[in-house]
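# Reading the structure
Letter by letter, the chains look like this.
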Amino acid sequence: MNPLDLKVDEELRTRLTSHVSRNCGDMLIVNPGKPEESALIKILKEPCGTTPRMPIECVNDGDAKCVPPDYIEALTQWIADGALE
Ligand code: HEM
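Keep in mind that this is a model prediction, so the values were computed, not measured. (Residues numbered from 1 in each chain as written. Predicted model: local features only at pLDDT ≥ 70, side-chain atom pairs only at ≥ 80, totals over all residues.)

### Looking at the overall build of the chain
- Scanning the chain from terminus to terminus reveals three helices and two strands.
- Going from the N terminus to the C terminus, the chain shows its helices and strands as α-β-β-α-α.
- A globule of 85 residues ought to have a C-alpha radius of gyration of about 12 Å, and the chain, at 13 Å, matches this closely.
- With the C-alpha coordinates of the chain rotated into their principal frame, the extents come out at 35 × 30 × 20 Å.
- Sequence separation of 24 or more characterises 48% of the internal contacts of the chain that already satisfy a separation of 6 or more. (Helix = DSSP H or I, 4+ residues; strand = E, 2+ residues; numbered from the N terminus. Rg over C-alpha atoms; globule rule 2.2 N^0.38 Å. Contact = placed C-beta atoms within 7 Å.)

### Description of the site of the ligand
- The environment of the ligand is formed by 14 residues, the closest being Ser21, Asn23, Met54, Pro55 and Ile56.
- The leading source of residues in the shell around the ligand is helix H2 (residues 39-45), at four residues. (Near = placed C-beta within 6 Å.)

### So, the environment of Glu36
- With respect to the element layout, Glu36 can be found in the loop between strand S2 (27-28) and H2.
- Between the alpha carbons of Glu36 and Glu46 there is a distance of 13 Å; along the sequence they are ten residues apart.

### Things to note about helix H3 (residues 69-80)
- Between its first and last C-alpha atoms H3 spans 16 Å; for twelve residues at 1.5 Å apiece the expected length is 16 Å, and the two agree.
- One or two positions beyond H3, positive phi appears at Gly82, with a value near 110°. (Expected span 1.5 Å × (residues − 1).)

### Section: unusual backbone geometry
- The omega torsion of the bond from Met54 to Pro55 falls at -10°, within 30 degrees of zero and hence cis.
- Mapped onto the secondary structure, Pro55 falls in the loop between H2 and H3.
- In this structure, Asp26 takes a positive phi of about 50° despite not being glycine.
- Structurally, Asp26 can be placed in the loop between strand S1 (20-21) and S2.
- Even without being a glycine, Ala83 presents a positive backbone phi close to 50°.
- Its 22 C-beta neighbours within 10 Å are what place Ala83 among the buried residues. (Buried ≥ 20, exposed ≤ 12 C-beta atoms within 10 Å, placed from the backbone.)

Geometric descriptors of this kind do not, in isolation, establish any biological role.
Rendered as C-alpha cells:
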C-alpha cells in the first residue's frame, strides 16, 4: 500500500525535476524514472556530497527524525513510475 498522499501539481513537478543539486553530485532533485539518480532519494538515505542526510536531525537509521523506510520506498516507486502529477 502506498503510504503517501502526494499532491503534485505542475509547478511542483517542474521545480523538482529542473533543480540540480550542485552539492549532491550535480543530480536533479527528482529525475523521473531514475530514483537512483535523484538527489531526493539519496539524501533521505545518506549524506550526499557536502549535503548532510535529510531531514537534518536524521543521522542514523531509526533516528526519530528520519523519514520511515516505507515512505522512502513509496517515493522511490513514485519516481520510478515517472513522478507523475
Ligand atoms: C524530509 C525533509 C527534508 C528533505 C526531503 C530535505 C531535502 C534537502 C535537499 C534535497 C537538499 C539539497 C538541496 C540542493 O543541493 O540544492 C537539502 C539541503 C539542506 N537542507 Fe534539507 N531536507 C529536509 C529537511 C530539512 C530540515 C528539517 C532542515 C533543517 C532544520 C534542513 C536543512 C537543510 C540545509 C541547511 C541544507 C543545505 C545543506 C548544504 O548543502 O550545506 N533540511 N535538503
